[in-house]
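In case you want the letters, here they are:
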Amino acid sequence: MTSTWYTLLVLAVAAERLAELVVARRNTRWSLARGGVESGRGHYPAMVALHTALLLGCLAEVRLAERPFPAVLGWTMAVVVVASQVLRWWCIRALGPRWNTRVIVVPGLPRVTGGPYRWLSHPNYVAVAAEGLALPLVHGAWVTALVFTALNAVLMAVRIRCEDGALARLPAADAPA
């Protein structure tokens with residue numbers, strides 16, 4: 001995989017992230033119209049900055065450090081990137097209009113326990129962690145992978161605590177999606 005193809009991969013992930021934001025805006029309107037309550041506004045800008053830095057860091061490190069494409073690792077990590085996108089969109093589908101990049105809970109709606117939520121409390125964050133490690137490693141950007149993973153772990157500790165607190169106020173469960 002040449003750096004040109006890697007750039008296209010990173011741009012494709014960026015386009016996917018923009019598609020997520022479109023879905024999130026629509027879902028924010030849906031949630032707020034039903035009395036949704038947002039939590040964790042304080043950490044949201046840090047999350048946006050970190051995810052933007054991931055994409056920029058991938059491109060910058062490959063170019064500036066002249067990272068080679070490590071064939072076996074690169075192709076393996078490309079599969080992980082694709083799998084993380086599949087998991088992310090499965091989460092979006094399972095949550096439907098309740099999925100968001102923000103923490104917004106609509107009072108009176110039960111917690112979703114279908115789809116990947118049947119097995120994991122926060123499968124979307126598994127997708128984020130996998131993508132954040134794998135995307136840089138597709139082209140040997142190991143510094144970006146390490147820095148993102150470390151910072152994301154700190155951010156996810158805050159985010160999951162915030163989300164769990166918000167979700168604790170929901171009824172027990174709904175029918176599997």
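Now for a quick tour of the structure. (Residues numbered from 1 in each chain as written. Predicted model: local features only at pLDDT ≥ 70, side-chain atom pairs only at ≥ 80, totals over all residues. Heavy atoms only, no water.)

1. Some thoughts on the overall build of the protein
Inference 1: Helix and strand counts for the protein stand at five helices and two strands.
Inference 2: The N-to-C order of helical and strand elements in the protein reads α-β-α-α-β-α-α.
Inference 3: Over its C-alpha atoms the protein spans a radius of gyration of 17 Å, differing by no more than 12% from the 16 Å that the globule rule assigns to 177 residues.
Inference 4: Per-residue burial over the protein gives 46% buried out of 177 residues.
Inference 5: Split by element, the accessible area of the protein, about 9100 Å² in all, is 71% carbon and sulfur.
Inference 6: Side chains of the protein give 17 positive and 9 negative charges; the mean places of these two sets differ by 7 Å. (Helix = DSSP H or I, 4+ residues; strand = E, 2+ residues; numbered from the N terminus. Rg over C-alpha atoms; globule rule 2.2 N^0.38 Å. Buried < 20%, exposed > 50% of the residue type's maximum accessible area, 1.4 Å probe, protein only. Areas by Shrake-Rupley, 256 points an atom, 1.4 Å probe, with all protein chains shown as cover. Lys, Arg positive; Asp, Glu negative; His and termini not counted. Charge placed at Lys NZ, Arg CZ, Asp CG, Glu CD.)

2. Quick notes on the side chain of Arg17
Inference 1: Inspection of the secondary structure puts Arg17 in helix α1 (residues 3–33).
Inference 2: Note on Arg17: relative accessible area 12%, which makes it buried.
Inference 3: Beyond its immediate sequence surroundings of up to four residues, Arg17 is in contact with His51, Leu54, Arg88 and Glu131. (Contact = heavy atoms within 4.5 Å.)

3. A closer look at the nonpolar core
If you look at soluble globular proteins, the nonpolar side chains tend to sit buried side by side.
Inference 1: Among the nonpolar cores identified, the biggest contains 26 residues, and Tyr6, Val10, Cys58, Val81, Leu135 and Val138 are the most heavily contacted of them.
Inference 2: Among the elements of the structure, α1, α2 (44–64), α3 (71–95), α4 (123–137) and α5 (142–167) are those that each provide at least two residues to this core.
Inference 3: With eight residues, the single largest contributor to this core is α2.
Inference 4: Leave out the neighbours within four places in its chain, and Val81 touches Val13, Ala134, Leu135 and Val138.
Inference 5: With 11 residues, the next largest nonpolar core counts Ala24, Leu87, Ala94 and Leu95 among its residues. (Core = buried A, V, L, I, M, F, W, Y, C linked by side-chain atoms within 4.5 Å.)

4. Observations regarding the packing of α1 against α4
If you want to describe how two helices pack, look at the angle between their axes and the distance between the axes.
Inference 1: The interhelical angle for the contact between α1 and α4, taken along N-to-C directions, is 155 degrees, at an axis separation of 10 Å. Classified by the interaxial angle, the pair formed by α1 and α4 is roughly antiparallel. Across the interface between the two elements, Tyr6, Leu9, Val10, Val13 and Arg17 from α1 touch Glu131, Leu135 and Pro136 from α4.
Inference 2: Of the residues that constitute the contact of α1 with α4, the class distribution is six nonpolar, no polar and two charged. (Axes fitted to C-alpha atoms, helices over the stretch in contact; angles between N-to-C directions. Parallel < 35°, antiparallel > 145°, perpendicular 65-115°, else oblique. Nonpolar A, V, L, I, M, F, W, Y, C, P; charged D, E, K, R; others polar.)

5. Here's the deal with the packing of α2 against α5
Inference 1: The geometry of α2 relative to α5 is characterised by a closest axis approach of 10 Å and an angle of 170 degrees between their N-to-C directions. As the angle between them shows, α2 and α5 are arranged roughly antiparallel. Taken together, the residues of α5 that come into contact with α2 (itself represented by Tyr44, Ala46, Met47, Leu50, His51, Leu54, Gly57, Cys58 and Glu61) are Trp142, Val143, Thr144, Phe148, Leu151, Asn152, Leu155 and Arg159.
Inference 2: A breakdown of the residues in the contact of α2 with α5 according to their chemical character gives 11 nonpolar, four polar and two charged.

6. Concerning the side chain of Ser39
Inference 1: Structurally, Ser39 is set in strand β1 (residues 37–39).
Inference 2: Discounting residues that sit within four places of it in the chain, Ser39 has contacts with Val103, Cys162, Ala166 and Arg169.

7. Comments concerning the packing of aromatic side chains
Inference 1: Per the stated rule, a full pass over the model turns up two aromatic pairs.
Inference 2: When the centroid spacing of 5.5 Å and the interplanar angle of 80 degrees are considered together, the rings of Phe69 and Trp75 count as edge-to-face.
Inference 3: Classification of Phe69 by relative accessible area gives buried; the value is 18%.
Inference 4: Residues Trp90 and Trp119 carry aromatic rings whose centres are separated by 6.0 Å and whose planes lie at 50 degrees to one another, so their mutual orientation is tilted. With Trp90 in helix α3 and Trp119 in the loop between β2 (103–105) and α4, the pair connects residues that are 29 residues apart, well separated along the chain.
Inference 5: With a relative accessible area of 39%, Trp90 lands in the partly exposed category.
Inference 6: Overall, Trp119 belongs to the exposed group, its relative accessible area being 59%.
Inference 7: Arg102 extends its terminal NZ or CZ atom over the ring of Tyr44, reaching a point 4.0 Å from the ring centre. (Phe/Tyr/Trp six-rings, centres within 6.5 Å; stacked < 30°, edge-to-face > 60°. Lys NZ or Arg CZ within 6 Å of the ring centre and 35° of its normal.)

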